[in-house]
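Here is how the chains run, residue by residue.
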Amino acid sequence: MDSLGIYISVPFCRSKCTYCNFASGVFPSSYMARYVDRVCEDLRAAVRRFSGLPRVADSVYLGGGTPSLLPPDLLKTLFGAIREHFLVKGDAEITIECAPGQLAEDSLDAMVDCGVNRISFGVQSFVDQEAKATGRLHTRAIALEDIDRVYRAGVERVNADLIAGLPHQTAASWTESLDVLMDSGVDHASIYMLEVDDESRLGREVLGGGARYFAAAIPSDDAIADMYTEAVDVLAKRGLAQYEISNFARMGAASVHNLKYWRRLPYLGLGLDAHSMLRTENGTAIRFATTDDLQSYLSSPGWEDARSLTRLEELEEAWFLGLRLNEGVDLQQMETEFDRELVEPYKPLIEDLSSDGLLTPGARQIALSLRGRMLSNEVFARFLDVIDIGEPASV
Ligand code: SF4
């Protein structure tokens, strides 16, 4: 049986970044203890409810929000509950997301005591003016000091996130951020292109106008595409090879936890707006999620209805999740898992996308080209159009 990945969202933040479209906010810290209690309750409920749940975990990921704001006693409560119900492997990857400048010394000590061996910093930019314009509270010096500090504390692996497309960013300032990133010694980087949607204040301003969040100062789409291309190139030259649309790692440092999402391996998500994918005893994938409203989350335990995926839904997921990875999708494996007749209708699309330069088909392996990675949403939408998958079922 596959080992499990455990994801816990911690939605508390010290300030709300202008580009942020996550279920997170500046909630009173007095909610934290109630929140952790609720997560521990769900952990116990999950073990009772999902009979095929793997009880061995090889990854734990606290994301957010800003989990580094949790005080030591609550961190210990969370990890205590996880270890009470799951055997966390000795070599499990245990990650916590941190905001630079928001990692107290006693919380860092508690993380190390709890077995955390990977910290992911939401840096977004090493250029102070850019970080400040989005509401981030750190400077370059603080971010670099924190990266150094967690390595000194014994954390083995560090990721830093950057965003291409922030207000005031220029080609030169992006190159500067990439250089500082690579000089910082991190073994993993996540490079995102700014998402513009009405879920963030900056996104709404880009779509609807206004001057409060510097929407007019974001780079053009072409400039953002150039930044992404430069990142792929610079990071590869400096030893961080791309393995997923937004993720780059030194050899052996790819995120065990995040790979589960793209390889469709089971994970249990706990906390606000957390998503899970488990498999029943006969191998059928089931998905379920929690609410994204904190008050509802705190007042009513449980999940929204779990639903089992049909074979066709699983097939679609196998395409658009697998294609996120640079290794791509193995056509022969797809035919073995889903039957040749189900895979066949996708072949004309694969040919079309290949002649458009969006896919690079090998003899067996099909992967996105660099251009395809930049236009991945359009490519995935075309995969979703191939077959009418009908209505999903609840379980
Ligand atoms: S980007 Fe991260 S730190 Fe900023 S508001 Fe969103 S979750 Fe919080």
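Predicted, not measured: the structure shown is a model, and the values here were computed from it. (Residues numbered from 1 in each chain as written. Predicted model: local features only at pLDDT ≥ 70, side-chain atom pairs only at ≥ 80, totals over all residues. Heavy atoms only, no water.)

**Q** It is not clear to me how the pairing of strand β11 (residues 285-289) should be interpreted in this structure. Could you clarify?
**A** Regular strands show a simple pattern: their side chains alternate between the two faces of the sheet. Taken across its five residues, β11 has five buried, putting it largely inside the fold. Here β11 shows no split at all, with Ala285, Arg287 and Ala289 on one side and Ile286 and Phe288 on the other all buried. As paired elements, strand β10 (residues 275-279) and β11 share five bridges and run antiparallel to each other. Bridging across to β11, Met277 finds its partner in Arg287. Counting the residues between successive antiparallel strands, the hairpin from β10 to β11 contains five residues, one of them, Gly283, with a positive phi of roughly 95 degrees. (Buried < 20%, exposed > 50% of the residue type's maximum accessible area, 1.4 Å probe, protein only. Helix = DSSP H or I, 4+ residues; strand = E, 2+ residues; numbered from the N terminus. Pairing = 2+ DSSP bridges.)

**Q** Before we go on, may I ask you to explain the site of the ligand in this structure?
**A** Around the ligand, the structure places Cys13, Ser15, Lys16, Cys17, Tyr19, Cys20, Phe22, Ser24, Gly64, Gly65, Thr66 and Arg136. Taken together, the residues of the shell around the ligand break down into five nonpolar, five polar and two charged. (Near = heavy atom within 4 Å. Nonpolar A, V, L, I, M, F, W, Y, C, P; charged D, E, K, R; others polar.)

**Q** What is the right way to read a nonpolar patch on the surface from this model?
**A** On the surface, a nonpolar cluster with roughly 230 Å² of combined accessible area is contributed by Val196, Val206 and Leu207. Within the secondary structure layout, Val206 lies in helix α7 (residues 201-208). Overall, the relative accessible area of 32% leaves Val206 in the partly exposed class. (Patch = residues over 30% accessible without salt bridge, like charges linked within 9 Å, V, L, I, M, F, W, Y side chains within 5 Å. Areas by Shrake-Rupley, 256 points an atom, 1.4 Å probe, with all protein chains shown as cover. Salt bridge = Lys/Arg side-chain N within 4 Å of Asp/Glu carboxyl O.)

**Q** Just to check I follow, could you spell out the packing of helix α1 (residues 32-49) against helix α2 (residues 72-85) for this structure?
**A** A pair of packed helices is captured by two measures, namely the crossing angle of their axes and the spacing between those axes. Where α1 meets α2, the axes come as close as 10 Å, and the angle between the chain directions of the two elements is 5 degrees. Relative to α2, the element α1 lies roughly parallel. Contacts between α1 and α2 involve Met32, Ala33, Val36, Val39, Cys40, Leu43, Arg44 and Val47 from the first element and Leu74, Thr77, Leu78, Ala81, Ile82 and His85 from the second. Each residue belonging to the contact of α1 with α2 can be placed in one class, and the counts come to eleven nonpolar, two polar and one charged. (Axes fitted to C-alpha atoms, helices over the stretch in contact; angles between N-to-C directions. Parallel < 35°, antiparallel > 145°, perpendicular 65-115°, else oblique. Contact = heavy atoms within 4.5 Å.)

**Q** Please clarify how the pattern of salt bridges should be interpreted in this entry.
**A** Side chains carrying opposite charge are able to pair once their charged atoms draw close together. Considering all chains together, one arrives at 26 salt bridges under this definition. Where Glu145 meets Arg152, a salt bridge forms, and the shortest distance between an N and an O atom there is 3.4 Å. Looking at Arg152, the relative accessible area reads 56%, which means it is exposed. The residue Asp330 makes a salt bridge to Arg364 at a minimum N-O spacing of 2.6 Å. Of this pair, Asp330 sits in strand β13 (residues 329-330) while Arg364 sits in the loop between β14 (359-361) and β15 (365-368), placing them 34 residues apart in sequence. Residue class for Arg364 comes out partly exposed when judged on its relative accessible area of 38%. A network of salt bridges, in which partner residues are shared, links Arg264, Arg279, Arg311, Glu314 and Glu337.

**Q** Sorry, what's going on with the UniProt feature "domain: Radical SAM core" (unreviewed entry) in the protein chain here?
**A** The positions UniProt marks with the feature "domain: Radical SAM core" (unreviewed entry) are residues 1-241. Taken end to end, residues 1-241 is 41% helix and 21% strand, and its first and last C-alpha atoms sit 30 Å apart. (UniProt positions renumbered as here; feature names shortened; annotations may be inferred.)

**Q** Where do I start with the sheet that holds β13 in this structure?
**A** Taken in spatial order, the three strands of this open sheet run β13-β15-β14, and their pairing is antiparallel. Two strands lie at the open edges of the sheet, namely β13 and β14, each paired on one side alone. The pairing of β14 with β15 spans three bridges and is antiparallel. In the sheet register, Thr360 faces β15, and the bridge partner there is Ala367.

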